Amino acid sequence: MILGPMALQALQSSGVAFRKILSHFPEELSLAFAYGSGVYRQVGPSSDQKNAMLDFVFTVDDPVTWHSKNLKKNWNHYSFLKVLGPKIITTIQNNYGAGVYYNPLIMCNGRLIKYGVISTNSLIEDLLNWNNLYVAGRLQKPVKIIAMNENVALRSALDKNLKSAVTTAFLMLPESFSEEDLFIEIAGLSYSGDFRMVVGEDKTKVLNIVKPNIAHFRELYGNILQENPQVVYKIQHGRLEQQINHIMDPPGKNRDVEETLLQVAHDPDCGEVVRLGLSAIVRPSSMKQSTKGIFTAGVKKTVVYSSLKLHKMWKGWLRKTS
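Starting afresh in each chain, residues are numbered from 1 along the sequence in its written order. Selection of residues for local features in this predicted model requires a pLDDT of at least 70, selection of side-chain atom pairs for listing and counting requires 80 or more, and totals for whole chains, interfaces and linings are taken over all residues. Heavy atoms from the whole structure form the basis of all side-chain values; hydrogens and water molecules are not counted.

Going by what an unreviewed UniProt entry lists, the protein chain is known as Phosphatidate cytidylyltransferase, mitochondrial and is assigned to Mustela putorius furo. Heading Sequence similarities (unreviewed entry) of the UniProt record for the protein chain holds this comment: "Belongs to the TAM41 family." Database annotation for the protein chain, UniProt heading Subcellular location (unreviewed entry): "Mitochondrion inner membrane". UniProt positions are given in the numbering used here, feature names are shortened, and annotations may be inferred rather than shown by experiment.

1. Observations regarding the packing of helix H7 (residues 152–171) against helix H10 (residues 214–227)
For every element, the axis is a line fit to its C-alpha atoms; helices are fit only across the contacting stretch, and the angle between N-to-C directions ranges from 0 to 180 degrees. For the purposes of this entry, the term helix denotes a DSSP run of H or I that reaches at least four residues, the term strand denotes a run of E that reaches at least two, and both are numbered from the N terminus. Across the interface, H7 lies against H10 with an axial gap of 10 Å and an inter-helix angle of 70°. Comparing their axes, H10 and H7 come out roughly perpendicular. Contact residues: H7 offers Asp 159, Leu 162, Lys 163, Ala 165, Val 166 and Phe 170, while H10 offers Leu 220, Tyr 221, Ile 224 and Leu 225. Broken down by class, the residue content of the contact of H7 with H10 amounts to 8 nonpolar, no polar and 2 charged. Orientation is classified from the angle alone, with under 35 degrees giving roughly parallel, over 145 giving roughly antiparallel, 65 to 115 giving roughly perpendicular, and any other angle giving oblique. Only heavy atoms matter for contacts: two residues are in contact if any of them lie within 4.5 Å across the pair. Residues were grouped as follows: Ala, Val, Leu, Ile, Met, Phe, Trp, Tyr, Cys and Pro as nonpolar; Asp, Glu, Lys and Arg as charged; and all remaining residues, including Gly, as polar.

2. Brief notes about the sheet that holds strand S6 (residues 176–178)
A pair of strands counts as paired when DSSP detects no fewer than two bridges linking them. With antiparallel pairing, 3 strands are arranged side by side in an open sheet as S6-S8-S7. Each having just a single partner strand, S6 and strand S7 (231–234) make up the two edges of the open sheet. With direction set aside, neighbouring strand axes in the sheet form an average angle of 20°. The pairing of S6 with strand S8 (residues 239–242) spans 3 bridges and is classified as antiparallel. The partner of Phe 177 across the bridge, within S8, is Leu 240. Sitting on the sheet, helix H8 (residues 179–188) touches S6, S7 and S8, and the angle it makes with S6 is about 80°.

3. Some points on unusual backbone geometry
In this model, Leu 105 sits at a positive phi of 55°, which is unusual for a non-glycine residue. Structurally, Leu 105 can be placed in strand S3 (residues 100–108). Each residue is assigned to one of three classes by its accessible area relative to the maximum for its type, calculated with a 1.4 Å probe on protein chains only: buried under 20%, partly exposed between the two thresholds, exposed over 50%. With relative accessibility at 15%, the residue Leu 105 sits in the buried group. Phi is positive for Leu 133, which is not a glycine, with a value near 60°. Tracing the sequence through the fold places Leu 133 in the loop between helix H5 (120–129) and helix H6 (135–138). When its relative accessible area of 1% is taken as the criterion, Leu 133 is described as buried.

Written out as structure tokens, the structure reads:
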């Protein structure tokens, strides 16, 4: 199954500014998207959307070839690792952390940007199996897709990731809840156990993401919720009611998975069990990815980038206490 029209509409963007930035990079991209406070309005210390750093992820079928071309076009984007060549850069990208190679604090078209590179295969694996929930977690929240090819496997995995996020969030919610409750749970999935939420990030980040963007979340998940037999989606009232018994006789080959979810759903501690499971996925990958960032960004950029994060956290704390 490929992404439904509402989900694609919510993800795709025709933003000229984003496409101009994309023109500075090699074209062989299976997916390119922008995310974060520079794309969607947030409240709190990330609310300065005009001057916020733009965050991108580029998905490529052949990372060695892509990095080789990008080194020729954008040599100064890379840290000291560039002297080791595209094969070593790709090895570091694929084998350490969450499978992403980030170049932060780049001036491009008059905007400060950060971009991460991930292989198409690694992204599909994360979307389907939640190996580390690093890029898959970003794609559970509204993003702006700037480029996407006709890779059916990738489109199907994007859709599956959204459906898995909904199913998981249901397990942590009561029988009746609001759209906002659901979207807060979904947005928080990839932050479970993330040590950056303790050091350097605003702890109200999830609320700041969801509250100004309810309409974007609704566009992204509306079709999935309307078609899901587990819930009654009262769109006019913005509320949902779970119908757990509807998955007692699930069709198709995933019966065992659904039966397991049903058993977990009846456990009064299922929410905590799910959160612990998510933390076990997110915590190690977020720590390894951040450690890798010291080498891929270089020490100087790491210090500057960390300072910006701490400054943002300090501004958030001052707002709360003023």
